[in-house]
Each structure stands twice: as structure tokens, then as C-alpha cells.
Amino acid sequence: MSEHSYRAAIVGTGAIAGAHATALQEHADRARLTAVVDVDAGRARAFAERWAVPTVAPDLAAVLADGVDLVHLCTPPSTHLPLALECLRAGVTVLVEKPPTLSLAELDTLVDAAAAGNAHLATVFQHRFGAGAARLRAMTAAGDFGRPLLATCDTLWYRDDSYYAVPWRGNWDTEGGGPTMGHGIHQFDLLLSVLGPWEQVTAVAARRSRPVRTEDVSMALVTFADGTVASVVNSVVSPRQTSDLRFDFEYATVELSHLYGYTDDDWTVTPVPGHEAVAERWARQPSTVVGGHTGQVAAVLDALDAGLPPPVTTADTRQTMEFVAAVYASAFTGAPVHSGQIDASSPFARRMNGAGAPWEAVPTR
């Protein structure tokens, strides 16, 4: 058991905040949810009553002044930068929901603020956590599967027009992007955590159906530093919803099929004939690691105990956010984008849609 008991606050009490409250409740011996904040005071009070939170604060400044060790930022994306900066400048570690910022430039501002102070920024990419993901990374690193050769990553979801009635959704200025930024990011972040640095992206993006200014579908072909090739598809127009990852290695295919969250039972391993020991080794590995928000919060608390940057670190986050920017840059310029190509002078560093999406001159319906 940890010697520490951390005070946590949740800022923003919309739907995702419940996952954070549940995660903190699962670790009640290590952390206490002591305060909540929301621009809707009534919603904040209802949330505090539901989760037995002692304090409903008027704003983040009041929370920071009262003393807190960890802030869970669950507000709309356009608010992440100023609120996270406020936490970091107060020396308080912040766990921010995806997408962490609207652009690479904003993320770099937070990276600099964290480096200048005594606090950390971590991004909620909860699919990295869980027994299957941990096992896959460990066995890949050990070479148990042989070389990775090919991967596919599909986030095929469905969001109807009414979903976009929420004012901040579907707009570059407030959401930062469409399913590439806000939906598929969990799946391909897990892909990147397994395969490592990506090298080149060639992509398309389109607005096919939804009443939005962003894309509602995107597709990318990706080459990784070790030569592995992958496809990444993101959609909010797919009636049969599924989230799928497939890794084809020299000695086995490893697959994950789920929707919004996975368990250990959602993974399958198909060995090449003669390499059945790989599947046996997979099955022998312990499956006690907890996934989702609960697993990530446990990892954050472990890092705080050790005085280390909590996962997912700013370096990890930047690799994923640069991938998002590369998808948009390739889709809107028609050219492949290489890792490191989007520097501070690029319009795609300042805005995910760069100088503008091709369809932005056409009025939305």
C-alpha cells in the first residue's frame, strides 16, 4: 500500500467525469476526490452528491488555492490549454482527457510549462493500460513474435446528427478535429505504443455525411521506423460499430476486437504453424493488470509515489499528436508527411486543419 494519500479534483462533470470518479473510488486507499468544478453549478452539485465529494468549488483557482495534488481535466478540448497551464503554474500535476490540446503548438506550450515547474502533464490514453496491451508490448520488445510486419487499426463508430448539436463538437476551433482527433485517437495511440516511432503518413480525409466543419472519416497508410506498414481508419459514419487492432508478426497474428473498452478476453493470438509456443507463452502471462481509466490512474499514482513523470508522458503524447497533425497535413496537401516535418512554422502545427480543409468554403447543412 502507498504511504501517500493524494487529494484529487475533477474539473468538468460531463459524461467522462464518471469514469474518473470511478477510477479514484477504486483507489480510495491512495487518493481522495476532494473537489469538483463545473461551469454549470447545478451539474457540479449533482455530481458531488452522486460521488460524495465534499467540495463544489466555484472555479479551478479556488481548488488550487485550497490545496490539491492531482487535477483530472474533463472539460471540452478548447479549455484544456488555459486550465492545464493554470495547474502546472501552481505546481499541480494534471491528467487531461483527450485530445490534450487543439494543436501541436498548444501542446508544446504545456510541455514547456511542465518543464519549467515542479508538476507534470499526463494524457488520458487509457487503452494503453490493461493486461493485453502490457503483454503485447513486453512480448514484442522481447522479440517473442518475431519482427512486426503489418498492422491494421480501425475505429469504425457511429455518431448521428444529434450528437453534433453540442456546440463545441464538429468545429476546428473548439474540438480540434473530427474522428481522427477525438475518436480514433485511442486506438492508434495504442498502435503507436506497440510499434514505436512512425516515419511517414499518407492520408485522405473527407466530410461525407455529418453536419460538421471537420472530417467525419479519415484513412492513413503509415510506415514505421523499422519498416512495418499499417493502415489506420477513423469514422463516425459506420452503423456497425467496432474497434479493431491487428498486428501481423513473423510468428503470429495478434488481434484485439472490442468497441469502447476491452478486457483480456478480447485478445486473440494465432500462431504460425510450428510456433505454437508463442500462443502458450501469451496464455501463461498474468492478466491481473487493470485496464481503462482505473488502470491509468493506478499508474499515475505509482509515478507520483516514485517522484516520476506519470504516464502517458508529454513525449508519448507528442508522438501521437504529431501523428494526428500528419494525417491532416497529408490529407489536405495531397503529399506524404514525414516525422519531424511539421515544425513550428507549419500551419498544421498551429491548427490541425492548417490553412483550411478543402470543403470549408462549402456551407454545412
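Structure shown above.
Everything quoted here is computed from the prediction, not taken from an experiment. (Residues numbered from 1 in each chain as written. Predicted model: local features only at pLDDT ≥ 70, side-chain atom pairs only at ≥ 80, totals over all residues. Heavy atoms only, no water.)

Caption draft 1: Examining the sheet that holds strand 12 (residues 252-258) more closely. Spatially, 8 strands are ordered 13-12-11-7-10-9-8-14 in an open sheet, and the strand pairing comes out mixed. The sheet terminates laterally at strand 13 (267-271) and strand 14 (337-338), the two strands that pair on one side only. In the sheet, strand 12 pairs with strand 13 via 5 bridges, with the strands oriented antiparallel. Within the sheet, the bridge partner assigned to Val-254 lies in strand 13 and is Val-269. Along the sheet, helix 10 (residues 276-284) contacts strand 12 and strand 13; its crossing angle with strand 13, the most-contacted strand, is approximately 155°. (Pairing = 2+ DSSP bridges. Helix = DSSP H or I, 4+ residues; strand = E, 2+ residues; numbered from the N terminus. Contact = heavy atoms within 4.5 Å. Axes fitted to C-alpha atoms, helices over the stretch in contact; angles between N-to-C directions.)

Caption draft 2: Summary view of the packing of helix 5 (residues 104-116) against helix 12 (residues 314-333). Running from N to C, helix 5 and helix 12 cross one another at 170°; their axes reach a closest spacing of 10 Å. It follows from the interaxial angle that helix 5 and helix 12 lie roughly antiparallel. Where helix 5 abuts helix 12, its residues Leu-104, Leu-107, Asp-108 and Val-111 lie against Thr-314, Thr-317, Arg-318, Met-321, Glu-322 and Ala-325. Per-class residue counts for the contact of helix 5 with helix 12 are 5 nonpolar, 2 polar and 3 charged. (Parallel < 35°, antiparallel > 145°, perpendicular 65-115°, else oblique. Nonpolar A, V, L, I, M, F, W, Y, C, P; charged D, E, K, R; others polar.)

Caption draft 3: How the structure looks around helix 6 (residues 131-141). Of the residues making up helix 6, those classed as buried are Ala-131, Gly-132, Ala-133, Arg-135, Leu-136, Met-139 and Thr-140. Buried-residue contacts for helix 6 involve helix 9 (185-195), strand 11 (237-249), strand 12, strand 13 and helix 10. After helix 6 finishes, the residue Gly-143 shows a positive phi value of roughly 80°. (Buried < 20%, exposed > 50% of the residue type's maximum accessible area, 1.4 Å probe, protein only.)

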